[in-house]
Amino acid sequence: MTREYAPPASGTGAPLSGSVLAEAAVVFAVVLSIHAAVWDRYSWCAVALAVQAFYVQYKWDRLLQQGSAVFQFRTSANSGLLPASMVMPLLGLVMKERCQSAGNPYFERFGIVVAATGMAVALFSSVLALGITRPVPTNTCVLSGLAGGIIIYIMKHSLSVGEVIEVLEVLLIFVYLNMILLYLLPRCFTPGEALLVLGGISFVLNQLIKRSLTVVESQGDPVDFFLLVVVVGMVLMGIFFSTLFVFMDSGTWASSIFFHLMTCVLGLGVVLPWLHRLIHKNPLLWLLQFLFQTETRIYLLIYWSLLATLACLVVLYQNAKRPSSESKKHQAPTIARKYFHFIVVATYIPGIIFDRTLLYVAATVCLAVFIFLEYVRYFRIKPLGHTLRSLLSLFLDERDSGPLILTHIYLLLGMSLPIWLVPRPCTQKGSLGGARALVPYAGVLAVGVGDTVASICGSTMGEIHWPGTKKTFEGTMTSIFAQIISVALILIFDSGVDLNYSYAWILGSISVVALLEAYTTQIDNLLLPLYLLILLMA
């Protein structure tokens, strides 16, 4: 975890710590690498956005130190505005390049919209910080104004009217989600994490609305619609119950029965009809036919069920070892928490090799289950609410400082996003060549292998610390080495991977992301796979 900033002296700002500067240097290295690979007007916009985000991040950090931010953010980290601001724009740029080379103009334009949307929500977060900073930071305002002016001018002459409206719709949804969820969930996010998570949810919600209104023209894949409906449905369900339980005690049997009944009503009366309208099939029958379509899928489902059972047994075993006298203070050691990373790696690798579409759907179902169980735990819904609170409290760390426990959901997202985000039409004309062949494995490499090995080796035998952090040089080096070995094993077992001698780029990408893991204080389960995905796609 990165050291926090020292409190600023009265009337002055604290100097930037070395760890924050190092994190910024890593992010700028990624931005400049993508800029060199793409080199168009959109990549220049990304560079301008990164420069202004670097300066505005300092203002956000001062607001957090002084307690002047509008909402309550997570206090064990810096604002993280710079690394979070660059994810969606860079992802859109590499998506545009990939789909352009694949000859798919629809998803090429989609990538541009993703980049423009990411820049819009990042600029909004910057404006918010500058608007509430006192005294007004004139120099930073001028710099942000120049960067914003450049981005708006270029996007105005690059986007169609419909695409501009789409960007503005996402921005409007983002503003409202910020006001609602940051109020309902204090201390669950840093400003950067809120930008990344709520920006993604806003984009997904807008895509679902857009496709629902043009359902006659929609020819999308049912698995894509399944993901959109599940994500939006679970978020709306959480907002509904959070509002409802303001007026009633959620821990009673009457409230619990009402919760389960309303969940059935929302699922059967809203989510399923919505999905039926999009895919023109009975969703339950389609899902059953999809899951049991081939023998390979049946074997994978059985294997994953065994791994899920093993994960539950690990939770029960670790809780059984917990001293009863210190039940609330005792925390599971780092190695015990990393058991779940090994289980997730064992889950995803066979799915990526044998049936990525099944893994896509299974990860979506698992996300819905995780979020539902978190609602049950958070609202203390009987009969499992109190039990889940007791069992999961053992695995909390400093990042779970808010009312929600999100680290396991972030782990699932980090492993799944490389599967979900890359448009399949842009990868079907032959297998991905070079470093891009490792894109589906970005989550496995960055989180499943890299973060796990760095944590275990760093905590057990690390002695040389990176300046300003608790992370160690030994942990980072073993992380890089373990990921290189993993790439070699992927080459052996996955015949569809052909790296085409792009080993230097792969090694550089892995090393940069390992350095980001060493210096960032944001949720690494979410941030690291996205940056590795971006670098591999470039």
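Analysis parameters
Residues numbered from 1 in each chain as written. Predicted model: local features only at pLDDT ≥ 70, side-chain atom pairs only at ≥ 80, totals over all residues. Heavy atoms only, no water. UniProt positions renumbered as here; feature names shortened; annotations may be inferred. Axes fitted to C-alpha atoms, helices over the stretch in contact; angles between N-to-C directions. Helix = DSSP H or I, 4+ residues; strand = E, 2+ residues; numbered from the N terminus. Parallel < 35°, antiparallel > 145°, perpendicular 65-115°, else oblique. Contact = heavy atoms within 4.5 Å. Nonpolar A, V, L, I, M, F, W, Y, C, P; charged D, E, K, R; others polar. Phe/Tyr/Trp six-rings, centres within 6.5 Å; stacked < 30°, edge-to-face > 60°. Buried < 20%, exposed > 50% of the residue type's maximum accessible area, 1.4 Å probe, protein only. Polar contact = N/O pair within 3.5 Å; in protein donor to acceptor, adjacent residues only side chain to side chain. 1 Å grid on protein atoms, 1.4 Å probe; cavity = no way out; pocket = protein on both sides within 12 Å on 5 of 7 lines; lining within 4 Å. Points joined across faces, edges and corners; volume = space filled by probe spheres on them. Salt bridge = Lys/Arg side-chain N within 4 Å of Asp/Glu carboxyl O. pLDDT = per-residue confidence, 0-100. Core = buried A, V, L, I, M, F, W, Y, C linked by side-chain atoms within 4.5 Å.

- Under an unreviewed UniProt entry, the protein chain has the name dolichol kinase and belongs to Crocuta crocuta.
- Reading the Sequence similarities (unreviewed entry) entry of the UniProt record for the protein chain gives the comment "Belongs to the polyprenol kinase family."
- Per UniProt, the protein chain has the following entry under Subcellular location (unreviewed entry): "Endoplasmic reticulum membrane".

So, the packing of helix 4 (residues 87–101) against helix 5 (residues 105–132)
For step 1, the next point in the chain: Between helix 4 and helix 5, the shortest axis-to-axis distance is 7 Å and the interhelical angle comes to 170 degrees. On the basis of their axis angle, the class for helix 4 and helix 5 is roughly antiparallel. Touching Met88, Pro89, Gly92, Leu93, Met95, Lys96, Cys99 and Gln100 of helix 4 are Phe107, Glu108, Phe110, Gly111, Ile112, Val114, Ala115, Thr117, Gly118 and Met119, all from helix 5.
For step 2, the next point in the chain: Grouping the constituent residues of the contact of helix 4 with helix 5 by class yields 11 nonpolar, five polar and two charged.

As for the packing of aromatic side chains
For step 1, the next point in the chain: Counted according to the given criterion, the structure contains 19 aromatic pairs.
For step 2, the next point in the chain: Ring geometry for Phe240 against Phe241: centres 5.2 Å apart, planes inclined by 70 degrees, an arrangement best described as edge-to-face.
For step 3, the next point in the chain: Between Tyr375 and Phe379 the ring centres are 6.3 Å apart and the planes differ by 40 degrees, which places this aromatic pair in the tilted class.
For step 4, the next point in the chain: For Phe379, a relative accessible area of 6% corresponds to the buried category.

Focus on the side chain of Thr133
For step 1, the next point in the chain: Tracing the backbone through its elements, the reader meets Thr133 in the loop between helix 5 and helix 6 (138–156).
For step 2, the next point in the chain: Classification of Thr133 as buried rests on a relative accessible area of 6%.
For step 3, the next point in the chain: Within polar-contact distance, the side chain of Thr133 engages the backbone oxygen of Ala129 at 2.6 Å.
For step 4, the next point in the chain: Once you skip the residues sitting within four places of it in the chain, Thr133 turns out to touch Lys59 and Leu63.

Let's talk about empty space enclosed by the protein
For step 1, the next point in the chain: Enumeration according to the criterion identifies six cavities of 30 Å³ or more in this entry.
For step 2, the next point in the chain: Of the voids in this model, the largest cavity is the one considered here, and its volume is about 90 Å³.
For step 3, the next point in the chain: Residue lining of the largest cavity: Trp60, Phe71, Phe73, Phe124, Ser125, Leu128, Phe174, Asn178, Leu182, Pro191, Ala194 and Leu195, and that is the complete set.
For step 4, the next point in the chain: Within the lining of the largest cavity, the residues separate by chemical class into 10 nonpolar, two polar and no charged.

Section: unusual backbone geometry
For step 1, the next point in the chain: Backbone torsion omega between Lys382 and Pro383 reads 5 degrees, so that peptide bond is classified as cis.
For step 2, the next point in the chain: Structurally, Pro383 is set in the loop between helix 14 (356–378) and helix 15 (385–392).
For step 3, the next point in the chain: Positive phi is not limited to glycine here, since Trp39 has a value of about 50 degrees.
For step 4, the next point in the chain: By secondary structure assignment, the location of Trp39 is in the loop between helix 1 (18–38) and helix 2 (41–66).

Quick look at the pattern of salt bridges
For step 1, the next point in the chain: One pass over the full model with this rule turns up 11 salt bridges.
For step 2, the next point in the chain: The residue Glu193 makes a salt bridge to Arg74 at a minimum N-O spacing of 2.4 Å. Within this pair, whereas Glu193 is found in helix 8 (residues 191–213), its partner Arg74 is found in the loop between helix 2 and helix 3 (81–85), the two being separated by 119 residues in sequence.
For step 3, the next point in the chain: Exposure remark for Arg74: the relative accessible area of 2% places this residue in the buried category.
For step 4, the next point in the chain: A salt bridge links Asp451 to Lys338; the shortest N-O distance between them is 3.2 Å. Taken as a pair, Asp451 in helix 17 (residues 442–461) and Lys338 in helix 13 (residues 334–354) lie far apart in primary sequence, 113 residues in all. Lys338 matches Asp451 in its accessibility class, with the two residues each being buried.
For step 5, the next point in the chain: Via salt bridges that share partners, Asp40, Lys96 and Glu97 belong to a single interconnected network.

Quick notes on the side chain of Ser486
For step 1, the next point in the chain: In this structure, Ser486 sits in helix 18 (residues 473–493).
For step 2, the next point in the chain: Discounting chain neighbours no more than four positions away, the residues touching Ser486 are Leu445 and Val449.

Some details on the confidence of the model for the protein chain
For step 1, the next point in the chain: Per-residue pLDDT for the protein chain averages 86, and the proportion of residues at 70 or more is 93%.
For step 2, the next point in the chain: Across residues 1–15 the pLDDT falls below 50, and counting only partners more than four positions away or on other chains, this stretch makes 36 contacts in the model.

Concerning the environment of Thr263
For step 1, the next point in the chain: For Thr263, the location among the structural elements is in helix 10 (residues 253–279).
For step 2, the next point in the chain: Thr263 gets classed as buried once you look at its relative accessible area, which sits at 15%.
For step 3, the next point in the chain: For Thr263 and Met237, which are 26 residues apart along the polypeptide, the C-alpha to C-alpha distance reads 7.8 Å.
For step 4, the next point in the chain: With near-sequence residues (within four places) excluded, Thr263 lies in contact with Met237, Phe241 and Phe372.
For step 5, the next point in the chain: Among the polar contacts listed, one links the side chain of Thr263 to the backbone oxygen of Phe259, at a separation of 2.8 Å.

Focus on the nonpolar core
For step 1, the next point in the chain: Counting 171 residues, the largest nonpolar core has Ile34, Met86, Leu90, Phe189, Leu438 and Tyr531 as its most contacted members.
For step 2, the next point in the chain: Ranked by residue count, the leading element in this core is helix 9 (residues 222–244), at 14 residues.
For step 3, the next point in the chain: Discounting residues that sit within four places of it in the chain, Leu438 has contacts with Val487, Ile490, Val497, Leu499, Ile506 and Leu536.

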